[in-house]
Amino acid sequence: MAMPPGGRARIFGRDRAVLVVQEFMERPEQGRKRTTRETPILLFEGPRGSGKTALLDCLGDFLEANVPYARVDFEAIGSVAGYEVLAALAFELNRKCGDYGRLGFPRFIIGRAVLEEKLDVKDHARAYAQVKARLEQYRNVAALRGLVQRVAPPLQAILGIPQQIPVPDFAGLLVDGLLASGRRGRRLLLGAGQDWYGDQDLGLGRDPIDELIRLNVRFQTDSREMVDGLLMAAFLADLRDNFENRKAARQPFTAAVLLDNADTRDGQQFLLDLARSRQDRVADGRAADPLMFVATSRGLLTTRVARNIRPYARPDNAGRTDRRRRGPAARWWYPVVLPNLDQSQVTTMVTGLGLQAANDRRIAAMVYQFTGGHPGGTRRLLWAIADEPDGPYDVRDLLDRPDPSGTGTVGERLSADLLGHRTQRELDKLLIAAAARHQDDADRLTVPRGLLDSDAETVHTPDLWGGGDPPEPAVLEPILRRVLLRRLATADGAADWSTVHQRLRVAAQAEKDEAGELYHALALGDVPLVTRRLAHRLAGLDGESWLELLDAVVAAPRRTSGGTEPAEEAQALAAWADTEKEPPAVQALAPLVTALWLVTDPLTGVRRRDLHYDVAAGYDAITRFCPRRRQALRLRAQDHRNEAPLWD
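Note that the coordinates shown come from a computational prediction; the quantities given were computed from them, not determined experimentally.

Draft legend 1. Expanded view of the nonpolar core. Core analysis: the largest hydrophobic core is formed by 97 residues, its most contacted members being Phe 370, Ile 385, Leu 534, Trp 546, Tyr 619 and Ile 622. Element by element, the count of residues in this core is highest for helix α29 (residues 584–600), at 12 residues. In contact with Leu 534, other than residues within four places in its own chain, are Leu 518, Trp 546, Leu 549, Leu 550, Leu 589 and Val 593. Within the second largest apolar cluster, 93 residues are counted, among which are Val 20, Val 80, Met 232 and Ala 330.

Draft legend 2. A look at the pairing of strand β7 (residues 333–337). Among the 5 residues in β7, 4 count as buried, and that is most of the element. When strand β3 (residues 41–45) meets β7, the two strands line up parallel, connected through 5 bridges. Within the sheet, the bridge partner assigned to Ile 41 lies in β7 and is Trp 333.

Draft legend 3. Summary view of a positive patch on the surface. A grouping of Lys 96, Arg 102, Lys 247 and Arg 250 is seen on the molecular surface, where their side chains present a positively charged patch. Within the secondary structure, Lys 96 is located in the loop between α4 (82–93) and α5 (106–114). For Lys 96, a relative accessible area of 67% gives the class exposed.

Draft legend 4. Inspection of the pattern of salt bridges at higher detail. Applying the stated criterion across every chain, the model contains 52 salt bridges. One salt bridge in this structure joins Glu 211 and Arg 214, with 3.9 Å as the shortest N-O distance. Here Glu 211 and its partner Arg 214 are both found in helix α10 (residues 208–220), 3 residues apart, which amounts to about one turn of the helix. Of the residues examined, Glu 211 reaches a relative accessible area of 9% and is grouped as buried. When its relative accessible area of 37% is taken as the criterion, Arg 214 is described as partly exposed. It is possible to trace a salt-bridge network through shared partners that takes in Glu 38, Asp 201, Arg 240, Arg 278, Arg 281, Asp 289, Arg 323 and Arg 331.

Draft legend 5. Spatial organisation of the packing of helix α1 (residues 14–25) against helix α2 (residues 52–64). Their axes nearest at 10 Å, the elements α1 and α2 cross at an angle of 55°. With respect to α2, the element α1 is oriented oblique. For the crossing formed where α1 meets α2, the hand is right-handed. Here Arg 14, Ala 17, Val 18, Val 21, Gln 22 and Met 25 of α1 lie close against α2, whose contacting residues are Leu 55, Cys 58, Leu 59, Phe 62 and Leu 63.

Draft legend 6. The sheet that holds β7, seen in detail. Taken together, the 5 strands give an open sheet; going across it, the order is β4-β5-β6-β3-β7, and neighbouring strands pair in parallel fashion. The sheet terminates laterally at β4 (69–73) and β7, the two strands that pair on one side only. In this sheet, adjacent strand axes meet at a mean angle of 20° when their direction is disregarded. Across the face of the sheet, α4 comes into contact with β4, β5 (255–260) and β6 (291–297) while running at roughly 145° to β4.

Draft legend 7. Just the pairing of β5, in detail. Burial analysis of β5 places 6 of its 6 residues in the buried class, the great majority of the element. A two-sided burial pattern is seen for β5, the buried positions comprising Ala 255, Val 257 and Leu 259 on one face and Ala 256, Leu 258 and Asp 260 on the other. In terms of strand pairing, β5 meets β6 through 5 bridges, oriented parallel. Residue Ala 255 lies in a different strand from β6, and its bridge partner there is Leu 291. The β-α-β motif built from β5, the intervening helix α12 (residues 265–283) and the parallel element β6 has right-handed crossover chirality.

Draft legend 8. Structural context of the packing of α29 against helix α30 (residues 609–622). The contact between α29 and α30 brings their axes to 8 Å, and the two run at 145°. Crossing hand, α29 versus α30: left-handed. Mapping the contact onto sequence places Ala 588, Leu 589, Leu 592, Ala 595, Leu 596, Leu 598 and Val 599 in α29 and Leu 611, His 612, Asp 614, Val 615, Gly 618, Tyr 619, Ala 621 and Ile 622 in α30. Taken together, the residues of the contact of α29 with α30 break down into 12 nonpolar, 2 polar and 1 charged.

Draft legend 9. Inspection of the environment of Leu 42 at higher detail. Structurally, Leu 42 is set in strand β3. Separated by 253 residues in the primary sequence, Leu 42 and Ala 295 have C-alpha atoms spaced 6.2 Å apart. In this structure, Leu 42 is in contact with Val 20, Val 21, Phe 24, Met 292, Phe 293, Val 294, Ala 295, Tyr 334 and Val 336, ignoring residues within four places of it in sequence.

Quick notes on the rules
Residues numbered from 1 in each chain as written. Predicted model: local features only at pLDDT ≥ 70, side-chain atom pairs only at ≥ 80, totals over all residues. Heavy atoms only, no water. Core = buried A, V, L, I, M, F, W, Y, C linked by side-chain atoms within 4.5 Å. Buried < 20%, exposed > 50% of the residue type's maximum accessible area, 1.4 Å probe, protein only. Helix = DSSP H or I, 4+ residues; strand = E, 2+ residues; numbered from the N terminus. Contact = heavy atoms within 4.5 Å. Pairing = 2+ DSSP bridges. Patch = residues over 30% accessible without salt bridge, like charges linked within 9 Å, V, L, I, M, F, W, Y side chains within 5 Å. Areas by Shrake-Rupley, 256 points an atom, 1.4 Å probe, with all protein chains shown as cover. Salt bridge = Lys/Arg side-chain N within 4 Å of Asp/Glu carboxyl O. Lys, Arg positive; Asp, Glu negative; His and termini not counted. Charge placed at Lys NZ, Arg CZ, Asp CG, Glu CD. Axes fitted to C-alpha atoms, helices over the stretch in contact; angles between N-to-C directions. Parallel < 35°, antiparallel > 145°, perpendicular 65-115°, else oblique. Left-handed = near helix turned anticlockwise from the far one by under 90°. Right-handed = clockwise from strand over helix to strand, strands pointing away. Nonpolar A, V, L, I, M, F, W, Y, C, P; charged D, E, K, R; others polar.

What follows is the structure in structure tokens.
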């Protein structure tokens, strides 16, 4: 079954990101020519399912008919050398594109051609003759085809070209396009392409054949850093030549490269090599590269290269002006965090489902509270709703339904979407970490013989923890945390729900973190203790300070649901206080705490109207016990009265 109209999540908020890329690609007019400006490597960051790949799809749609571009998914191609990635990019950028024509890469191709030659390096004169003879052979189309047949398989893999296409046929495509098999193309290959190695835009004045021999020796001795670095320089020199001396010189945009999932080891290394090459270029006074690199990261790469640029830009404020404002830190790397959907966008997606006899706003609010606007999670839940549109509209029920994809339940598929490939040990430790409110809280479990102990490095990876712009601690992506907590609630063994929250409660108490202590106590179901402590604090704090404490405590997760109407469940949880043995403040506060705990729970579902009315009544009832700034409590009561009718 196809995705429902909720698939429009790929568009919301991404149009502005496309405009940001366009802005960096622009080549302003300078007299009768256009000039290339220096651009950073643009990094779009977001967790799994945040729409990074969808953004590249949107960029590809824009670029397809307008600008030469290439696209590589590092996660899909596995381990690959940097020079092979460059070969794939050169092939893609060489496709004929409107007024740009074809971008040629003679310098890069010459270097790539000599890498695997078997040279007699012990006899320099013989090696010199071998290279020269081989380059002369490339005047012949058949010789070019032979070269390309050797490099075609890895290019097919990198570009995602089906392996069913015979290698000779693919080689023919490369020769006809990339290697320019015409007379002018071969002359160009043997002319500017070869000669560049003697100069390398640095005025070296060396023999180009000697430099190509040196490149071959470095390749054979596995000095890949030097090989990748020199071929990167050749590749970028080819691009500069295209945009300075050929048809592309008159065009308004640079070329573009889209790199998905750049957090892999090879992805990070490729971009680090690129940044180093650009730094060397600036130091040597060479012109800017007419190529915009756009990469996506879940946080591993951005944390490594852009830790001094926080808070990251967002699409609505990103651009050259913001980059200049950030100073030298953003010269080479410019991270932009992709925002989640807002509630109005989720409502638009729900309306697109065309549900009968349903309150779209109410369903959207329920979905939004659980997903936090996470695009992938939102779409997964809406797909489940569209598959069985008659309800009931409850997140717990949705997560337990069979997923429309036919694989597992909705909750299991959502978990797989968010976590990717993790070992069982990593999953077990993540379940423990999910009980913590934030990363600092989780650190309390890494003490010697703690539940996480030496596993903090595998648990606290940047691709799972977001936010946390200093001085705030990082937090697990909210929807991921909710999915993990749901699994922890049914887990058994040495680290179950009770064990983990009790450890965190004791640790918070030892550090005099009252909010943390009460949060974990409520997660353990100790409603009486929490209520009595909050009643005691109400007598000593002003209204605003007490509300801050209350909000932090009732955000605690619930292990189970009573299975009844939420308002009835809240009343049952507060029944213990309906006795003269409890002080009046405790009697008044208990129904507020339980109703607020349930209405705050993202898993409660759409039946929240009565809960909101009960919360409003609870605030009214406790106002008289607050010594200062009572108006804050009255305003909260009114907020919930206003919210209640929206859940009819």
